[in-house]
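# Coordinates in review
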Amino acid sequence: MSGPQTPEPALRIQGDAPTGARDEDAADGIQHSHRMLSFSDALLSIIATVMILPVTHTEISPEQFDKSIQKLLATRIAVYLMTFLIVTVAWAAHTRLFQVVGKIDDTLALLNLACMMTITFLPFTFSLMVTFPEVPLGIFLFCMCVITIGAVQALIVVYAFHFPHLLNPQIESSAHRALYRQHILGIVLRGPALCFVAAGFSLFFYPLSYLLMAMVIFLPYVSKVSSWCKGRLVGPQEPPAHSMEFFTFDLHEPLSKERVEAFSDGVYAIVATLLILDICEDNVPDPRDVKEKFHGSLVAALSVYGPHFLAYFGSFATVGLLWFAHHSLFLHIRKATQSMGLLNTLSLAFVGGLPLAYQQTSAFARQPHDELESVRISCAIIFLASIFQFAIWTTALLHEGETLQPSARFGGREHAFMFAKLALYPCASLLAFASTCFLSRFSTAIFHLMQIAVPFAFLLLRLLVRLGLALLCAMRGLTQPATQAEEDAHAPLLPAAC
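For every chain, the first residue of the written sequence is number 1, and numbering continues from 1 onward in sequence order. Totals for whole chains, interfaces and linings use all residues, but because this is a predicted model, local features are given only for residues with pLDDT of at least 70 and pairs of side-chain atoms are given and counted only at 80 or more. As a convention, hydrogens and water are excluded, and side-chain values are obtained from all of the structure's heavy atoms.

## Regarding the overall build of the protein chain
Helix and strand counts for the protein chain come out as 23 helices and 4 strands. Classification of the 498 residues of the protein chain by burial places 48% in the buried group. Only DSSP runs of H or I with at least four residues qualify as helices, and only runs of E with at least two residues qualify as strands; both kinds are numbered from the N terminus onward. With a 1.4 Å probe rolled over the protein chains alone, any residue whose accessible area is under 20% of its type maximum counts as buried; one over 50% counts as exposed, and the rest are partly exposed.

## Quick word on the environment of Thr345
The topology assignment puts Thr345 in helix H17 (residues 338–351). C-alpha separation for the pair Thr345 and Ala385, spaced 40 residues apart in sequence, amounts to 9.8 Å. Every residue in contact with Thr345, bar those within four places of it in the chain, is listed here: Phe84, Leu85 and Thr88. Residue contacts follow a heavy-atom distance rule, with two residues in contact if any of their heavy atoms lie within 4.5 Å.

## Here we look at the nonpolar core
Nonpolar cores were defined as sets of buried Ala, Val, Leu, Ile, Met, Phe, Trp, Tyr and Cys residues, with membership established by side-chain atoms within 4.5 Å. Ranked by internal contacts, the top residues of the largest apolar core, which has 116 residues, are Ile119 and Leu354. Top contributing element to this core by residue count: helix H8 (residues 137–162), with 14 residues. Residue contacts for Leu354: discarding those within four places in its chain leaves Val271, Leu275, Thr318, Val319, Leu322, Ile381 and Ile382.

## As for the packing of aromatic side chains
Centre distance within 6.5 Å is the pairing criterion for rings of Phe, Tyr and Trp, where only the six-membered ring of Trp is used; planes under 30 degrees apart are then read as stacked, over 60 as edge-to-face, and the remainder as tilted. Applying the stated criterion across every chain, the model contains 8 aromatic pairs. Judged by centre distance (4.9 Å) and plane angle (50 degrees), the rings of Tyr159 and Phe163 are tilted. Under the relative-accessibility criterion, Phe163 is labelled partly exposed at 30%. Taking 5.5 Å as the distance between ring centres and 70 degrees as the angle between the ring planes, the aromatic pair formed by Phe390 and Phe419 counts as edge-to-face. Of this pair, Phe390 sits in helix H19 (residues 371–398) while Phe419 sits in helix H21 (residues 415–438); the two residues are 29 residues apart in sequence, bridging distant segments of the chain. Following the ring pairs from residue to residue traces out a cluster consisting of Phe324, Tyr425 and Phe458. In this scheme, Lys NZ or Arg CZ marks a charge over a ring once it lies within 6 Å of the ring centre and within 35 degrees of the ring normal. The positively charged end of Arg376 is found above the aromatic ring belonging to Phe433, 5.9 Å away from the centroid.

## Some remarks on H21
The length a helix should cover is 1.5 Å for every residue beyond the first. For H21, spanning 24 residues, the distance from its first C-alpha to its last is 35 Å, which sits close to the expected 34 Å at 1.5 Å a residue. By definition, a residue's bend is the angle between the axes fitted to the seven residues ending there and the seven starting there. A maximum bend of about 35 degrees is found in H21 at Ala423, where proline Pro426 lies one to four positions downstream.

## Notes on the pattern of salt bridges
Think of a salt bridge as a Lys or Arg side-chain nitrogen and an Asp or Glu carboxyl oxygen that are within 4 Å of each other. Enumeration over the complete set of coordinates arrives at 3 salt bridges. In this structure, Asp41 and Arg259 form a salt bridge, with 2.6 Å as the shortest nitrogen-oxygen distance. Pair noted here: Asp41 is in helix H3 (residues 34–50) and Arg259 is in helix H13 (residues 257–282), with a separation of 218 residues, a long-range link. This pair shows no difference in class: Asp41 is buried, exactly as Arg259 is.

## Here we look at the environment of Val157
Within the secondary structure layout, Val157 lies in helix H8. The class for Val157 is buried, based on a relative accessible area of 1%. Along the sequence, Val157 and Gln182 sit 25 residues apart, while their C-alpha atoms lie 9.5 Å from each other.

## Looking at the side chain of Ser45
Mapped onto the secondary structure, Ser45 falls in helix H3. We classify Ser45 as buried; its relative accessible area is 1%. Once you skip the residues sitting within four places of it in the chain, Ser45 turns out to touch Phe263, Gly266 and Val267.

## Describing the packing of helix H10 (residues 177–188) against helix H11 (residues 190–202)
The axes are straight lines fitted to the C-alpha atoms, using for helices just the contacting stretch, and the angles between their N-to-C directions are given from 0 to 180°. At a minimum axis distance of 4 Å, the contact between H10 and H11 shows a crossing angle of 40 degrees. Where H10 abuts H11, its residues Gly186, Ile187 and Val188 lie against Arg190, Gly191 and Pro192. Lys, Arg, Asp and Glu make up the charged group, whereas Ala, Val, Leu, Ile, Met, Phe, Trp, Tyr, Cys and Pro make up the nonpolar group; the residues left over, Gly among them, are polar. Tallied by class, residues from the contact of H10 with H11 come to 3 nonpolar, 2 polar and 1 charged.

## Notes on the packing of helix H7 (residues 122–131) against H8
As a packed pair, H7 and H8 sit with axes 7 Å apart at the nearest point and diverge in direction by 155 degrees. In terms of axis orientation, H7 runs roughly antiparallel to H8. As for how H7 packs across H8, the hand of that crossing is left-handed. Here Leu122, Thr125, Leu128 and Met129 of H7 lie close against H8, whose contacting residues are Gly138, Ile139, Leu141, Phe142, Cys145 and Ile149. Grouping the constituent residues of the contact of H7 with H8 by class yields 8 nonpolar, 2 polar and no charged. Angular relationships are summarised with four words: roughly parallel below 35 degrees, roughly antiparallel beyond 145, roughly perpendicular across 65 to 115, and oblique for the angles in between. Two helices crossing with the near one rotated counterclockwise from the far one by less than a right angle form a left-handed crossing, whereas a clockwise rotation gives a right-handed crossing.

## As for the side chain of Arg259
For Arg259, a relative accessible area of 7% corresponds to the buried category. Think of a polar contact as two N or O atoms within 3.5 Å of one another; within protein, one of them needs to be a possible hydrogen donor and the other a possible acceptor, and neighboring residues in sequence only count if both atoms come from side chains. At 2.6 Å, the side chain of Arg259 forms a polar contact with the side chain of Asp41. Excluding anything up to four places from it in sequence, Arg259 contacts Leu37, Asp41, Trp91, His94, Thr95 and Phe98.

## Topic: the confidence of the model for the protein chain
The predicted coordinates of low-pLDDT regions are not to be read in fine detail. Along the chain, pLDDT gives the predictor's confidence residue by residue, from 0 to 100. Here the protein chain averages 75 in pLDDT, while 75% of its residues score no lower than 70. For the protein chain, the element scoring lowest by mean pLDDT is helix H1 (residues 8–15), at 40; helix H6 (residues 106–120) scores highest, at 90. The low-confidence segment residues 1–24 (pLDDT under 50) makes 29 contacts with residues lying over four places distant or belonging to another chain. For residues 485–497, every residue scores under 50 in pLDDT, and the model assigns this stretch 17 contacts once sequence neighbours within four places are set aside.

Pasting the structure below:
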C-alpha cells in the first residue's frame, strides 16, 4: 500500500533536521519530541508490565491450592491480559498522535506529562480490580483513568492544530487541517467513549463493563471488518483527496518501527528487573535465622534457596533469549503494520507473565505436589510468548515485499536461519509440555533440561542451519548434472550461497 508510506519522508526530515534549524527552534521555545517520546515509551512499558505483580504476589499456602484458588488465579491473569492490552492501546494512540505532532513546546510537554501521570495510576486501579473483583470501584476508577487519558490526548490535538507549526510538514501545509483535526479527534475519543459507558455500567452491572473495555482493544479490527462489509455491499469507494490513511484503523498502515522496538525493549528490561527484585526480596536470609538455624554459615543458609536461584537463572535466560529472537526479527523488518503490532503486543503480554512462571517454578521446594501444574503453566506462558513472535514473522512473510528486508524473504540467505530461530522456543516448550503428560514424575527435570538446552541450541543453531543447507546443496549436486546445478544455483528455494 503506497498511501500509508507518504508521511514517512516528512517524519524523517524532522528527525534529521540540521543543527542550525534545531537551534532556531530552541530559540523559539520549540523542541523536537524524540526525548519526550523515549521517556513516554519507557514509562508506558513499565506500567504495562508491573501490573503482573498483583498476580505473582498472590499469597497461597499449599493447603489452599484448590479449584477455587485456581479459578481466582485464572481470573486475575485474564484481567491482567485485558489491562495490558488496554495500556498498549493507549501507547498505540500516543504513537499515532506524535506522528501528527512533529514538534513540541512547553505546553505540549506538560500536557504529555499529565497524560503519563494518569497512566501511572493504572496499576493501583488494577490492584483494586483483582483484589476486590466483586466491588465495582476498581473498574470505575480504571475507566475514569482511561477517559482522562483520552481527554488529555484530545487537548494535545486541539492545541497542536491551533499552532500549526507544531504539526508535521505534510499536515501543516495542507488546506484540509480542520478535517484532519476532526478525523483525529474522532479516533482518539472512541476508546474513552466506550470506557465512559463502561464506567456507567460498573455502578449497577459491572460484568458488562469488562465486555465494553475489551471492545476498546478490538475496536480497530471491528472497524476494519465493518469497512470490508460495507465495501462488499456498496462497492469500493475512492478515498477523498484529504484522506489521512496513516491515522486510521487500517491493519496494513505502518507503525513507527523505532517506537515499537523501544516499547518492546522496555517490557523485556522490566521483566528481567522484576525477576531479580523477587530474588532480593524473598531470598536474602534473615540474620537471626543464619545465626540460630545455620550456626552462622551464610553458605548453608543460601543453599536452602537453591531452587529459587535455579528458577531465576532459567527465567532470565528465557527472557534474554526471547528478546534476542525479537531483536533478530525486527532487524529484518522494514515496516511494522498494525496487525503485526497486535501480535507483538500479545507476545509482550505473555512475556510480562514470565515473573509468574518464575514464581511457579521457584515454589517447587515449597509445593512439590503441585510442581506438575507449575511446569505446565510455565511452559504455556513461554509457548504463547514465543508463538506470537513466530506469528509476527508469518504475517510479515504474507507481505514480504513491503515488510521484510530482501535477505529475510523466502529464498533469502537469512530466511531459513530466522525460521529456525523463531521456531526454537515454541517447539521446545511444546515438547516439554507434552513430555510431562507421559513422564509426569520427571516434570521438573524436563523443564530444567529445556531451560538449559535452549541456550546451547541458540549457539549451535546457525551452524546446524548452515550444515543443513550445505547438505541440501550437495544432494542437489549429486542428483543433477553439473550444468543444471549451475542454472539452479539461484533457485528461489535455496539461498544465494548455494
